[in-house]
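Understanding the architecture of this molecule
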Amino acid sequence: MGAYYDEIEIEDMAWDEEKGVYHYPCPCGDRFEITRRQLADCEDIATCPSCSLIIRVIFDPLDFEDEPPEEEESPSEEEDTTSEDGSEHFEDAMEKLSLTSEAD
């Protein structure tokens, strides 16, 4: 992408704890947003959800390298691995591995 509306330093952006994003006012009346995870992934483009403008965020990637990964899917969406007795059941792929030899 080459046509940035502006280049803004991360220090000039505001942190929104509730939404978990840095934001900066957009001329359309909304605001540009970028998450800490995006910054940790070295993404430097903040987008406005209401218009097509984008800004380049100037920051030090080392400040975000210890960012934890995004939360995984909620347990209700994941496959249930809990057995009837309440203990978790893990399968070892090696236990199910079978080798067959082909006849020459």
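The rules behind the values
Residues numbered from 1 in each chain as written. Predicted model: local features only at pLDDT ≥ 70, side-chain atom pairs only at ≥ 80, totals over all residues. Heavy atoms only, no water. UniProt positions renumbered as here; feature names shortened; annotations may be inferred. Helix = DSSP H or I, 4+ residues; strand = E, 2+ residues; numbered from the N terminus. Buried < 20%, exposed > 50% of the residue type's maximum accessible area, 1.4 Å probe, protein only. Contact = heavy atoms within 4.5 Å. Polar contact = N/O pair within 3.5 Å; in protein donor to acceptor, adjacent residues only side chain to side chain. Pairing = 2+ DSSP bridges. Core = buried A, V, L, I, M, F, W, Y, C linked by side-chain atoms within 4.5 Å. Salt bridge = Lys/Arg side-chain N within 4 Å of Asp/Glu carboxyl O.

- If you look the chain up in an unreviewed UniProt entry, it shows as Diphthamide biosynthesis protein 3 from Favolaschia claudopus.
- Here the chain is described in UniProt, under the heading Pathway (unreviewed entry), as follows: "Protein modification; peptidyl-diphthamide biosynthesis."

Some details on the overall build of the chain
- On a plain count of helices and strands, the chain comes out with two helices and six strands.
- Starting at the N terminus and ending at the C terminus, the chain contains elements arranged as β-β-β-β-α-β-β-α.
- Split into buried and exposed, the 104 residues of the chain put 21% on the buried side.
- Residue pairs at least 24 apart in sequence account for 35% of intrachain contacts in the chain once pairs closer than 6 positions are excluded.

Description of the side chain of E33
- With respect to the secondary-structure elements, E33 resides in strand β4 (residues 31–35).
- Of note is the side chain of E33, whose polar atom sits 2.7 Å from the side chain of K19.
- Those residues within four positions of E33 in sequence are excluded, and the remaining contacts are K19, V21, Y22, H23, A46 and T47.

Quick word on unusual backbone geometry
- Look at C42: it is not a glycine, yet its phi comes out positive at around 65°.
- Locating C42 in the fold gives a position in the loop between α1 (36–40) and β5 (45–47).
- With relative accessibility at 53%, the residue C42 sits in the exposed group.

Some details on the pairing of β4
- Most of β4 is tucked away: four of the five residues are buried.
- In this sheet, β4 lies alongside strand β3 (residues 21–25) in antiparallel orientation, the contact comprising five bridges. Within the sheet, the bridge partner assigned to P25 lies in β4 and is R31.
- Two successive antiparallel strands, β3 and β4, enclose a turn made up of five residues, where G29 displays a positive phi of approximately 110°.

Examining the nonpolar core
- Within the largest apolar cluster, 15 residues are counted, with the highest numbers of intra-cluster contacts made by I10, M13, L39 and V57.
- With residues up to four places along the chain from it excluded, the contact list for V57 reads I8, I10, M13, I34, L39, D44 and A46.

Thoughts on the pattern of salt bridges
- The final tally for this structure, using the stated rule, is six salt bridges.
- Taking the shortest distance from any N to any O, the salt bridge between E7 and R56 comes out at 3.7 Å. Of the two residues, E7 sits in strand β1 (residues 6–9) while R56 sits in strand β6 (residues 54–58), which places them 49 residues apart along the sequence.
- The exposure class of R56 is partly exposed, given its relative accessible area of 28%.
- Ionic pairing is found between R31 and E33, a salt bridge with its closest N-O pair at 3.5 Å.
- Bridged by salt links that share partners, the residues D16, K19, R31 and E33 form one connected network.

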